Structures are given as C-alpha cells and as structure tokens.
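Here is how the chains run, residue by residue.
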Amino acid sequence: MTAVKGSSRTRSQRAQETRARMLRSAYELFTERGYPATTMADVAKRAGVAVQTVHFTFGTKGALLQHAYDYAVLGEGNQVPPDQQPWYTEFRSATEPRTALKILVENVSTVMSRSAPLDDFVRSASYEPDAARIRNHAEMMRRQAWSAMVEHLSATFGLADDLTTQQAVDILMLLMSPTSYNTLTGEYNWSPAEWQTWCVASISGQLLARHLP
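Everything numeric here is computed off the predicted structure, so don't read it as measured data.

Before going further, it helps to examine the pattern of salt bridges. All chains considered together, the criterion is met by 9 salt bridges. In this structure, the salt-bridge partner of R123 is D120, at a minimum N-O distance of 3.1 Å. Taken together, the residues span about one helical turn, with R123 and D120 both in helix α6 (residues 97-124) at a distance of 3 residues. Among the residues examined, R123 registers a relative accessible area of 34% and is labelled partly exposed. A salt bridge links R142 to E139, with the shortest nitrogen-to-oxygen separation between them at 3.0 Å. Residue R142 and its partner E139 are both found in helix α7 (residues 129-157); the two are separated by 3 residues, about one turn of the helix.

The next point concerns the confidence of the model for the protein chain. Interpretation of the predicted coordinates at a detailed level should be avoided for regions scoring low in pLDDT. In this model, the protein chain carries a mean pLDDT of 91, and residues with pLDDT of at least 70 account for 94%. Looking across the protein chain, the model is least confident in helix α1 (residues 2-33), with a mean pLDDT of 82, and most confident in helix α2 (residues 40-47), with 98. For the stretch residues 1-6, pLDDT sits under 50, and the model shows 0 contacts to residues farther than four places along the chain or on other chains.

A separate point is helix α4 (residues 61-74). For an α-helix, 3.6 residues make a turn, and residues three or four places apart therefore share a direction. Between its terminal C-alpha atoms α4 stretches 20 Å, which fits the 20 Å expected from 14 residues at 1.5 Å a residue. Every buried residue of α4 is accounted for by G62, L64, L65, A68, Y69, Y71, A72 and L74. Downstream of α4 by one or two residues, G75 has phi in the positive range, about 90°.

What follows is about the packing of α2 against helix α3 (residues 51-58). How two helices pack is summed up by the angle between their axes together with the distance between the axes. Relative to each other, α2 and α3 sit at 110°, their axes nearing to 8 Å. Considered as vectors, α2 and α3 are oriented roughly perpendicular to each other. Residues M40, A41, V43 and A44 of α2 lie in contact with α3, whose contacting residues are V51, V54 and H55.

Cut-off values and rules
Residues numbered from 1 in each chain as written. Predicted model: local features only at pLDDT ≥ 70, side-chain atom pairs only at ≥ 80, totals over all residues. Heavy atoms only, no water. Salt bridge = Lys/Arg side-chain N within 4 Å of Asp/Glu carboxyl O. Helix = DSSP H or I, 4+ residues; strand = E, 2+ residues; numbered from the N terminus. Buried < 20%, exposed > 50% of the residue type's maximum accessible area, 1.4 Å probe, protein only. pLDDT = per-residue confidence, 0-100. Contact = heavy atoms within 4.5 Å. Expected span 1.5 Å × (residues − 1). Axes fitted to C-alpha atoms, helices over the stretch in contact; angles between N-to-C directions. Parallel < 35°, antiparallel > 145°, perpendicular 65-115°, else oblique.

Laid out in structure tokens, this is it:
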C-alpha cells in the first residue's frame, strides 16, 4: 500500500511539472508571437508534450490565455494571490507613506515585469473575442485591487484635497498600468528601479494629502 501511495505522489508531481511546463511555454509564445499567431500545437511542441495533453489540461486556447495571465500575476509555482502575500501585510502595516508606497510599487513592479509584455500583445489582439474578454477581466481585477489599495491609503494617510476615491483609483490604473511600464521600460529604456522611483513620487504627488519629503 505504501508503494502505491508513493507512486501516486510521483505521478501527481510529474503532472504538476508538465502543467507548469505547458503554461510557461504558452506564456513565452504569447509574449513572443502574440495570441492570434500562437496555436495549441505550438505550445505542445515547445513544452514537449502531445497537443492532446494541452487540450485535455486547459480545454481551449482562451482558457489557456486566462491561465497565462494568472501565471504572469502570480509567478511560476505560486498560487497565493498578491493580497495574501507577506508584502501586502507589510504594505498595510506601514505607518509612513514613503515606506508604504515603496513596498507597494516594488512588488507591483515584479508583477509588471511578467504581466506587461503579455498584456501588450493581448491588447493588440482585442479584435479576438476571447482575447478581449480575458483582458477586460484582467482590467476589472486590477481595478478591484487598486480600489482596495486606495481605500487603505485614504484611511491611513488621507487623499489629496478634492480628489475622489474614484479619481484616485483611475490615477493608479494609469500610473501603474502595463502600458505605462511597457512604454517607460521598453520604449524609453528606463530601468525597473527608475520606473519604481517615478511611480512612488507620482502617487505621492497625485494622491496623498501628505506628500513625500
């Protein structure tokens, strides 16, 4: 009985490794070729599996794209959403605005380094119904996350005069967007650290009642 259980765990581990390999391959291809030009057969070939395995695991190419977005946000092998990770607790516990914003921006930058390249290709394929639907869902989830962060910033440090919560969320959506990250780090050759410094200063100046010194 023990040998059977051990063998079962090994099969489970192999299945997880194969799934991760397929997901990584899909992410790479979507960010290299774009969503329309990537086929399930392409993903299977790069992952070293049969195309039937990709279909069996993920179903449709649209579903695979959704999982690729999750992969980009969470990172490989991480199933914990950002708001349940240790850095988010540190962000909410910070008593100084500079500390809170640095924690927030540094960790968002890590996510952006993975998600922004994918988002750029998917946005360009918005004429594809699946691509448009999945990106819209990603934007909705991003807005929900920024809304929670704005509520915390407002309660802890106060928002700038005459700035509504909705406006503050809109500003964060613009400042810390995949497009912003891609433009500054990709087209204009900013380093991720420079993007982070700009974001911290911009959020402080635009959103907070107490600007950073």
